[in-house]
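Observations on the three-dimensional arrangement
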Amino acid sequence: MSETGNLLSILREAADARAVDAIEAALERGPDRGLCRINALAFADKQALDEEKTVSAFLHASRIGLFDMSWNVLCPGCGGVLDANASLKTVLKDEYVCALCAGGYSPTLDEMVEVTFTVSPRVRKIAAHDPDELPLAEYFRQIYWGSGVDLPEEGFEQAIEGFVLEDIELPPGEKAILSIQLPPEFIIVFEPVTHSAQFIDVKGEPTRERQNLSLTFDKDHVHSQTLEMRPGPLRIAFENRTDRRTLPTICIAGDVLHGLLGKRRPFVTAKRLLTNQTFRDLYRTDTLTVDQRLKITSLTFLFTDLRGSTELYERVGDLVAFDLVREHFRVLNEIVAAEAGAVVKTIGDAVMATFPTPDRAVAAALRMREAMHDMNAKSGREDLLLKIGVHEGPCIAVTMNERQDYFGQTVNIASRVQGLANSQSIFATGSVVNDAKAADLLHMKDLTPVSQGASLRGIEREVMVYAIP
């Protein structure tokens, strides 16, 4: 059996069979571009697979060497990849600048960092492994734009031609001259390799006199200022001072370009991976450096604790109580993973878990409560009384005590809210129950949250808390 066959056999032991079959088919028969920076959610949608199982399969496949994982910092405007990293540990800048959009952005793990999967060159060599050999259209498709831009499978080159006036391939150290007729449009001379852009606002009376422009591509010049020119002939002198080929492209910044970039689709964000149980199990602390502090604008925290666990040990004995508590942890872990969450840590008999959205956390909380009810029904005693609190908000992802953790007031409030809960109700904050999907879920289950103001220890303001009966 080949090395790839051996790796696929290993993958089948850890991942969903249908997802592995789809990955194997892509490796054997898929086009090159389909194996570069794979969007796992789009892959799952196209193959009619479960999203979580597909993401888990790609994570396992990357761990054993079938794919290389990439953490790409995205421009929230155009969807371009501003920086590609083999690990989240190298996302170190406080600000990333997009020359095409002429804007600077502080990276957050919600929508500005995507995680994609590219086939390993030892499994299958594809064109994108040598990006400097890709033609212009494929460089834009496979290298420049992120996986959240929903580019057409067919007719992509024609779509590019719809807004590109001229382009040229310029080898390292070379110079070239390009002559064009400027139309009365807003023009961007964009170079996707060095991420350089020169804006030209073409307006006024047409001229027959030749206009001139000189552009140099290196690591420092991004040309983000706007020049005014008149419709008519333009002579552009290019110089490539980098050690890579460049692809100067003269674009019309009009409806065709905006229409192409305006079509977006979901993608695997860094936040989603950090709250994925498979990722935490496989990669553990191999995510953030000790000094990194990366922002997440919205993360949902769920805290649980067993009420009266001390009395439980006294009532049924250490051995029985330990088995009950261990079983309760197993059930909670399964529920968290099934709802796209991850257990961050356990503290005594308590669990701290994260979810990408409030509705997932609420669904997990309801399932946890039902699971404890079933376990108690089997034993005929109310041994496992679970207190649950849920809160959503911004936080900071950090590494503490050699594990990935979270810090901030959102975490503190979630923990305090759990302290208010009793074994019959789930307590959640307004940001959770007012989330549209969470509200729909509660309505579907005919559950009406009951509000009450609460003073939480260490929190100055009163917090509105809702009991979910």
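Refer to the structure printed above.
Report on the accompanying structure. Bear in mind the structure is a predicted one, so any value in this text is a computation, not a measurement. (Residues numbered from 1 in each chain as written. Predicted model: local features only at pLDDT ≥ 70, side-chain atom pairs only at ≥ 80, totals over all residues. Heavy atoms only, no water.)

1. Re the sheet that holds strand β1 (residues 67-74)
Within a sheet, neighbouring strands are paired by backbone hydrogen bonds and run either parallel or antiparallel to one another. One open sheet holds the 3 strands; their spatial order is β2-β1-β5, and the pairing between them is antiparallel. At either end of the open sheet lies a strand with only one pairing partner, and these are β2 (81-85) and β5 (113-119). Mean inter-strand twist for the sheet, computed between neighbouring axes without regard to direction, equals 30°. (Pairing = 2+ DSSP bridges. Helix = DSSP H or I, 4+ residues; strand = E, 2+ residues; numbered from the N terminus. Axes fitted to C-alpha atoms, helices over the stretch in contact; angles between N-to-C directions.)

2. As for the pairing of strand β13 (residues 249-252)
Of the two faces of β13, the one lined by Thr-249 and Cys-251 and the one lined by Ile-250 and Ile-252 are each fully buried. Pairing analysis gives 3 bridges linking strand β6 (residues 164-167) to β13, with the strands arranged antiparallel. If you follow Asp-167 over to β13, its bridge partner there is Thr-249. Note: strand β8 (residues 186-191) against β13, 4 bridges, orientation antiparallel. The partner of Val-189 across the bridge, within β13, is Ile-250. (Buried < 20%, exposed > 50% of the residue type's maximum accessible area, 1.4 Å probe, protein only.)

3. Thoughts on the nonpolar core
In this structure, Phe-67, Trp-145 and Tyr-406 are the most contacted members of the largest nonpolar core, which totals 91 residues. Among the nonpolar cores identified, the runner-up in size contains 37 residues, and Leu-306, Leu-324, Ala-353 and Leu-386 belong to it. (Core = buried A, V, L, I, M, F, W, Y, C linked by side-chain atoms within 4.5 Å.)

4. A look at the environment of Arg-369
Structurally, Arg-369 is set in helix α12 (residues 358-379). Separated by 19 residues in the primary sequence, Arg-369 and Ile-388 have C-alpha atoms spaced 8.4 Å apart.

5. Considering the packing of aromatic side chains
Per the stated rule, a full pass over the model turns up 13 aromatic pairs. Between the aromatic rings of Trp-71 and Phe-279, the centroid separation amounts to 5.7 Å while the plane-to-plane angle is 65°, which identifies the pairing as edge-to-face. One end of the pair, Trp-71, is in strand β1; the other, Phe-279, is in helix α9 (residues 277-283), and 208 residues separate them in sequence. Looking at Trp-71, the relative accessible area reads 3%, which means it is buried. Ring pairing ties together the aromatic residues Phe-43, Phe-58, Phe-67 and Phe-117, which thus form one cluster. Taking NZ or CZ as reference, Arg-63 lies 4.5 Å from the ring centre of Tyr-283, over its face. (Phe/Tyr/Trp six-rings, centres within 6.5 Å; stacked < 30°, edge-to-face > 60°. Lys NZ or Arg CZ within 6 Å of the ring centre and 35° of its normal.)

6. Overview of the side chain of Ser-70
Among the structural elements, Ser-70 can be located in strand β1. Look at Ser-70 and you get buried, because its relative accessible area is 13%. Polar contacts involving the side chain of Ser-70 include one to the side chain of Asn-72, which spans 2.5 Å. With sequence-adjacent residues up to four places away left out, Ser-70 is seen in contact with Ala-84, Asn-85, Glu-114, Val-115 and Thr-116. (Polar contact = N/O pair within 3.5 Å; in protein donor to acceptor, adjacent residues only side chain to side chain. Contact = heavy atoms within 4.5 Å.)

7. Overview of the packing of helix α11 (residues 318-338) against α12
At a minimum axis separation of 9 Å, α11 and α12 run at an interaxial angle of 150°. In this view, α11 runs roughly antiparallel relative to α12, as classed from their interaxial angle. The hand of the α11/α12 crossing is right-handed. Contact residues: Leu-324, Glu-327, His-328, Val-331, Leu-332, Ile-335, Val-336 and Ala-338 in α11; Arg-360, Ala-364, Arg-367, Met-368, Ala-371, Met-372 and Met-375 in α12. Of the residues belonging to the contact of α11 with α12, the class tally is 11 nonpolar, 1 polar and 3 charged. (Parallel < 35°, antiparallel > 145°, perpendicular 65-115°, else oblique. Left-handed = near helix turned anticlockwise from the far one by under 90°. Nonpolar A, V, L, I, M, F, W, Y, C, P; charged D, E, K, R; others polar.)

8. Here's the deal with the pattern of salt bridges
Evaluated as defined, the whole model comprises 23 salt bridges. Here Arg-124 and Asp-32 are joined by a salt bridge, their closest N and O atoms 2.9 Å apart. Placement of Arg-124 in the loop between β5 and α5 (136-144) and of Asp-32 in the loop between α2 (17-29) and α3 (40-47) is noted, with a sequence separation of 92 residues between them. We classify Arg-124 as buried; its relative accessible area is 19%. When its relative accessible area of 27% is taken as the criterion, Asp-32 is described as partly exposed. Among the charged side chains, a salt-bridge network with shared partners connects Glu-51, Glu-52, Arg-272, Glu-339, Arg-360 and Arg-367. (Salt bridge = Lys/Arg side-chain N within 4 Å of Asp/Glu carboxyl O.)

9. Digging into unusual backbone geometry
At Arg-37, a position not held by glycine, the phi torsion is positive, near 45°. Relative to the elements of secondary structure, Arg-37 occurs in the loop between α2 and α3. Taking relative accessible area as the criterion, Arg-37 reaches 16% and is therefore assigned buried. The residue Asp-446 is not glycine, and still its phi comes out positive at about 60°.

10. Concerning the side chain of Asn-39
Structurally, Asn-39 can be placed in the loop between α2 and α3. The exposure class of Asn-39 is buried, given its relative accessible area of 5%. One polar contact links the side chain of Asn-39 to the main-chain amide nitrogen of Ala-42, over a distance of 3.1 Å. Within the structure, Asn-39 has its side chain in polar contact with the backbone oxygen of Ser-147 (distance 3.0 Å). Excluding its chain neighbours within four sequence positions, the residues that come into contact with Asn-39 are Ser-147, Arg-265, Pro-266, Phe-267 and Val-268.

11. Concerning the pairing of β8
Counting buried residues along β8, 5 of its 6 residues qualify, which places the element largely inside the surrounding structure. Between β8 and strand β9 (residues 196-202), which pair antiparallel in sequence order, lie 4 residues; one of them, His-195, sits at a positive phi of approximately 55°.

12. Side note on the packing of α12 against helix α15 (residues 436-444)
Viewed as axis vectors pointing N to C, α12 and α15 meet at an angle of 30°, and their least axial separation amounts to 7 Å. When the axis of α12 is compared with that of α15, the two are roughly parallel. Where α12 crosses over α15, the handedness of that crossing is right-handed. In this structure, α12 contributes Pro-358, Asp-359, Val-362, Ala-363 and Leu-366 to the contact, and α15 contributes Lys-437, Ala-438, Leu-441 and Leu-442. Residue composition of the contact of α12 with α15, grouped by class: 7 nonpolar, no polar and 2 charged.

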